Amino acid sequence: MFKFSLGLLLVTYALATSPEEEQGVRFASKCETCKILATELQERLSETGKSHDVIETGYSVDDVKPKKRTEYRRSELRLLESLENVCDRILEYNLHKERSDSTRFAKGMSETFKTLHGLVDKGVKVDLGIPQELWDKPPVEVTHMKSQCEDMLEQYEDTIYEWYFHEQDQKGLIDHLCAEQVLQENDKKCLKETLQNAGEKRKSKKNAKGDRGGEL
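Residue positions are given per chain, counting from 1 as you read along its sequence in written order. Two thresholds apply to this predicted model, a pLDDT of at least 70 for residue-level local features and 80 or more for giving and counting side-chain atom pairs, whereas whole-chain, interface and lining totals are computed over all residues. Neither water nor hydrogens contribute to the side-chain values; these are computed over all heavy atoms in the structure.

Caption draft 1: Molecular detail of the environment of I36. Here a helix means four or more residues in a row that DSSP labels H or I, a strand means two or more in a row labelled E, and each is numbered from the N terminus. With respect to the helices and strands, the residue I36 is situated in helix α3 (residues 30-48). Look at I36 and you get buried, because its relative accessible area is 7%. Discounting chain neighbours no more than four positions away, the residues touching I36 are I90, Y93, F105 and M145. Remark: exposure states derive from per-residue accessible area (1.4 Å probe, protein chains only) relative to the maximum for the residue type, with buried under 20%, exposed over 50%, and partly exposed in between. It only takes one pair of heavy atoms within 4.5 Å for two residues to be counted as in contact.

Caption draft 2: Representation of unusual backbone geometry in the model. A positive phi angle is found at N85, which is not glycine, with a value near 60°. One can find N85 in the loop between α4 (76-83) and β3 (93-95).

Caption draft 3: Expanded view of the state of the cysteines. Two cysteine sulfurs form what is called a disulfide whenever their separation falls within 2.5 Å. In the structure shown here, the tally under the stated rule is three disulfides. There is a disulfide in this structure between C34 and C178, and the S-S distance comes to 2.1 Å. Judged by the sign of its S-S torsion, about -100°, the bond between C34 and C178 is left-handed. On the criterion of sequence distance, the pair formed by C34 in helix α3 and C178 in helix α8 (residues 173-182) is long-range, its members being 144 residues apart. Note on accessibility: C34 and C178 belong to one class, buried. Across a sulfur-sulfur distance of 2.0 Å, C87 and C149 are joined as a disulfide pair. In this structure the cystine formed by C87 and C149 twists about its S-S bond by roughly -75°; its chirality is therefore left-handed. Taken together, the positions of C87 in the loop between α4 and β3 and C149 in helix α6 (residues 140-155) put the pair 62 residues apart, joining distant regions of the chain. Taking the relative accessible area as the measure of exposure, C87 reaches 4% and is therefore buried. Residue classification places C149 among the buried residues on the basis of a relative accessible area of 1%. Sequence-ordered numbering of the bonded cysteines in the protein chain gives a pairing of 1-6, 2-5, 3-4.

Caption draft 4: Focus on the pattern of salt bridges. Note on definitions: salt bridges are taken to be side-chain nitrogens of Lys or Arg within 4 Å of carboxyl oxygens of Asp or Glu. The tally for this structure, following the rule as stated, stands at 10 salt bridges. With a shortest N-O distance of 2.8 Å, R89 and E40 are connected by a salt bridge. Taken together, the positions of R89 in the loop between α4 and β3 and E40 in helix α3 put the pair 49 residues apart, joining distant regions of the chain. Here R89 and E40 have matching classes, each one buried. One salt bridge connects K146 with D88, and the closest N-O pair in it is separated by 3.4 Å. One end of the pair, K146, is in helix α6; the other, D88, is in the loop between α4 and β3, and 58 residues separate them in sequence. Members of the salt-bridge network, linked through shared partners, are E40, R44, E47, R89, E92 and K107.

Caption draft 5: View of the packing of aromatic side chains. Ring geometry is summarised as follows: Phe, Tyr and Trp rings, the Trp one being its six-membered ring, pair when their centres sit within 6.5 Å, and such pairs are stacked at plane angles under 30 degrees, edge-to-face over 60 and tilted between the two. Within the structure shown, the criterion is met by two aromatic pairs. Their ring planes at 40° and their centres at 6.1 Å tell us that Y161 and F165 sit as a pair that is tilted. Separated by four residues within a single helix, Y161 and F165 lie in helix α7 (residues 157-167), roughly one turn from each other. Ring plane angle 85° and centroid distance 4.8 Å describe the contact between Y164 and F165, whose orientation is recorded as edge-to-face. Classification of Y164 as buried rests on a relative accessible area of 3%. Linked through ring pairs, Y161, Y164 and F165 together constitute an aromatic cluster.

Caption draft 6: The arrangement of the nonpolar core in detail. Buried residues of nine kinds, namely Ala, Val, Leu, Ile, Met, Phe, Trp, Tyr and Cys, make up a nonpolar core once their side-chain atoms join them within 4.5 Å. Membership of the largest hydrophobic core comes to 34 residues, with the highest contact counts inside it found for F105 and L177. Listing elements by their share of this core, those giving two or more residues are α3, α4, β3, α6, α7 and α8. In terms of residue count, the dominant contributor to this core is α3 (seven residues). Beyond its immediate stretch of four places on either side in the chain, L177 contacts C34, L37, Y156, T159, I160 and V182.

So, to be careful, I would describe these as geometric facts and stop short of saying anything about function.
Quick look at the structure:
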């Protein structure tokens, strides 16, 4: 019985871990990938949606039949251009290992690497086992999430089209795609996690001090 239990434990452990996980790598969850995909696509749409151009579609040999005129910001062309290479934007993210929730994926240098670069600038020798020129390259978690993003985009393309043409005035893409289509109820925790930037933190601390100062 003991041998069986021990063997079962070893098999379970082998199935639950991978070489990457054994090295401390924790790949993005489906929630994290969907959240960032939706965020980046909506950001890209906000960039392309500023145009007030009108495009003409349709074709006739004699040019007698009028072409259909469509506002660019409501056109399929805008969506296609926004979708193009949207997953490449994930490579702008870094892994902030000092955070444990989904905000570990964020743009900008992590606090850990800011500290390490600061030490190097002061002449301290820092050996991470990798060349310094690779420090700022996207980590494996980020490059892997880019691949996850591309797979998700292909799988849920129709859902994104539906939102773009029929739902975007009523709700955000995170709600329509991630909360309602991609994720199970117990997988949605990361959707509520937001990254607070340094300016907001300083403002929050200042307000807190002000509140305490007014107490009797």
